[in-house]
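Fold and contact review
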Amino acid sequence: MVAFVHPQAVECSQPLETLGYEVQVRETPIDASKIKGDFLREKVVKTGCCQEKEYLKLYAYTLTEFPVVVHLDLDSLILQPFDDLYDSMIDGDNGKLPIMYNSTAPTDIQAFYTKDYNMVHPGHAHPGMQGGFIVIKPNLDYFEEYRQTILEGDYRRG
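Reading guide: rules and limits
Residues numbered from 1 in each chain as written. Predicted model: local features only at pLDDT ≥ 70, side-chain atom pairs only at ≥ 80, totals over all residues. Heavy atoms only, no water. Pairing = 2+ DSSP bridges. Helix = DSSP H or I, 4+ residues; strand = E, 2+ residues; numbered from the N terminus. Axes fitted to C-alpha atoms, helices over the stretch in contact; angles between N-to-C directions. Disulfide = S-S within 2.5 Å. Buried < 20%, exposed > 50% of the residue type's maximum accessible area, 1.4 Å probe, protein only. Core = buried A, V, L, I, M, F, W, Y, C linked by side-chain atoms within 4.5 Å. Polar contact = N/O pair within 3.5 Å; in protein donor to acceptor, adjacent residues only side chain to side chain. Contact = heavy atoms within 4.5 Å.

**Things to note about the sheet that holds strand 4 (residues 111-115)**
Read across the sheet, three strands follow the order 3-5-4 without closing on themselves; strand pairing throughout is antiparallel. Strands with a single pairing partner mark the edges of an open sheet, and in this sheet they are strand 3 (69-72) and strand 4. Taking the axes of each pair of neighbouring strands and ignoring which way they run, one obtains an average angle of 20° across the sheet. As judged from the four bridges shared by strand 4 and strand 5 (residues 129-136), these two strands associate in the antiparallel manner. Paired with Phe112 across the strands is Val135, a residue of strand 5.

Okay, here's the thing in structure tokens:
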């Protein structure tokens, strides 16, 4: 198990080490002052529980020594095994995945995520991604693509 810890939180990381986590101290993967878009650059340093430190989770994409990585925020609760997700990502065995509307799963699954229905504002039709739970295939190219997308800062309200 790996825990990405911002330098400002190192003093709080000892319990994670005691539980067996490999603590990796990392700066935020983007410098928020270099975000091009005004809205994201100004808001990301003021909002949410962790501000721009929320992007530490992107380091999950750098764990290329693992075939699959599960990112969980500390307030997550797992009630069922993930074996079917892992099998579909590693072996392409999609036979046990529950698929909506009689569709078929893609053959090369790079990620699983859930939508954040609790954060949908009334009248908004499309919920965003729940960032506290993602299952991914690590990939340094994707890591850099996400970094560059954030630095572009083309955030559009609505």
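Moving on from the model shown.
**Here we look at the state of the cysteines**
Tallying each qualifying case throughout the model produces zero disulfides. The thiol of Cys12 is unpaired, and the distance to the nearest cysteine sulfur, on Cys50, comes to 12 Å. Assessed through its relative accessible area of 27%, Cys50 is described here as partly exposed.

**Looking at the nonpolar core**
Soluble globular proteins tend to bury their nonpolar side chains together. Ile30, Ile35, Leu40, Val44, Tyr55, Ile136 and Ile150 are the most contacted members of the largest nonpolar core, which totals 19 residues. At the level of secondary structure, the elements contributing two or more residues to this core comprise strand 5 and helix 4 (140-152). In terms of residue count, helix 4 provides more of this core than any other element does, three residues in total. One finds Val68, Ala105, Ile109 and Phe112 within the second-largest nonpolar core, a separate group that totals 10 residues.

**Looking at the side chain of His71**
Here His71 shows up in strand 3. A relative accessible area of 13% means that His71 is categorised as buried. A polar contact is formed between the side chain of His71 and the backbone oxygen of Gly131, at a distance of 3.5 Å. If we ignore the near neighbours within four places in the chain, the residues touching His71 are Lys57, Gly131, Gly132, Phe133 and Ile134.

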